Amino acid sequence: MIGLIIALISGALMSVQGVFNTQVTKASSIWAANCFVQFSALLVCLAAWAVTDRSSLLGVFQVQPKYMLLGGAIGAFITYTVIKSMDMLGPARAVMLIVVAQLLVAYLIELFGMFGVEKAVWDWRKAIGMVLAIAGIVVFKWESK
């Protein structure tokens with residue numbers, strides 16, 4: 001149950017963050033806003049680490065394979081693409097497409113056992129759910145005249 005609540009909070013925070021970041025971009029530029037977002041995230045993470053964890057910061061370099069360290073760089077492009085999509089499509093449409101893309105890619109990662117994730121078996125129910133999610137986007141995007 002706690003995992004469900006945390007996931008719901010995560011989704012809500014991602015939507016609010018996307019709107020905030022889009023507004024910051026309007027006052028500066030997309031890469032300046034992205035720098036501020038990533039820098040402020042670094043400060044919050046360092047403060048949380050200092051208060052709660054205190055394990056070795058250099059321990060992250062023990063991860064294998066080393067390409068797993070690219071998460072932060074990917075995060076910069078996530079921030080960029082969220083800002084651009086929200087600016088061009090509006091928050092609701094952008095988030096719907098982002099969530100469906102996340103679902104699709106996450107399911108493919110599970111199906112093929114990529115990046116050290118345990119391989120999952122094909123499930124028609126999940127495929128049908130994905131089709132329904134895509135149909136939901138079409139219905140939501142459909143504008144009546």
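I will try to describe carefully the structure that is included in this document. In this text the structure is predicted, and so the values were computed from the model without any measurement.

### Section: the packing of aromatic side chains
Move 1: Per the counting criterion, the structure on display carries five aromatic pairs.
Move 2: Residues W122 and W124 carry aromatic rings whose centres are separated by 5.4 Å and whose planes lie at 90 degrees to one another, so their mutual orientation is edge-to-face.
Move 3: Classification of W122 by relative accessible area gives partly exposed; the value is 46%.
Move 4: Take W124: its relative accessible area is 62%, and that puts it in the exposed class.
Move 5: Through successive ring pairs, a cluster of aromatic residues spans W31, F77 and Y80.

### Remarks on the packing of helix α4 (residues 91-112) against helix α5 (residues 124-141)
Move 1: Taken N-terminus to C-terminus, the directions of α4 and α5 make an angle of 165 degrees; their axes are 10 Å apart at the nearest point. Between α4 and α5, the angle is such that the two are roughly antiparallel. In the crossing of α4 with α5, the sense of the turn from one axis to the other is left-handed. Together, A92, R93, M96, L97, V100, L103, L104, Y107 and E110 of α4 and K126, M130, A133, I134, I137, F140 and K141 of α5 make up the contact between the two elements.
Move 2: Among the residues making up the contact of α4 with α5, the classes are represented as twelve nonpolar, no polar and four charged.

Rules used throughout
Residues numbered from 1 in each chain as written. Predicted model: local features only at pLDDT ≥ 70, side-chain atom pairs only at ≥ 80, totals over all residues. Heavy atoms only, no water. Phe/Tyr/Trp six-rings, centres within 6.5 Å; stacked < 30°, edge-to-face > 60°. Buried < 20%, exposed > 50% of the residue type's maximum accessible area, 1.4 Å probe, protein only. Axes fitted to C-alpha atoms, helices over the stretch in contact; angles between N-to-C directions. Helix = DSSP H or I, 4+ residues; strand = E, 2+ residues; numbered from the N terminus. Parallel < 35°, antiparallel > 145°, perpendicular 65-115°, else oblique. Left-handed = near helix turned anticlockwise from the far one by under 90°. Contact = heavy atoms within 4.5 Å. Nonpolar A, V, L, I, M, F, W, Y, C, P; charged D, E, K, R; others polar.

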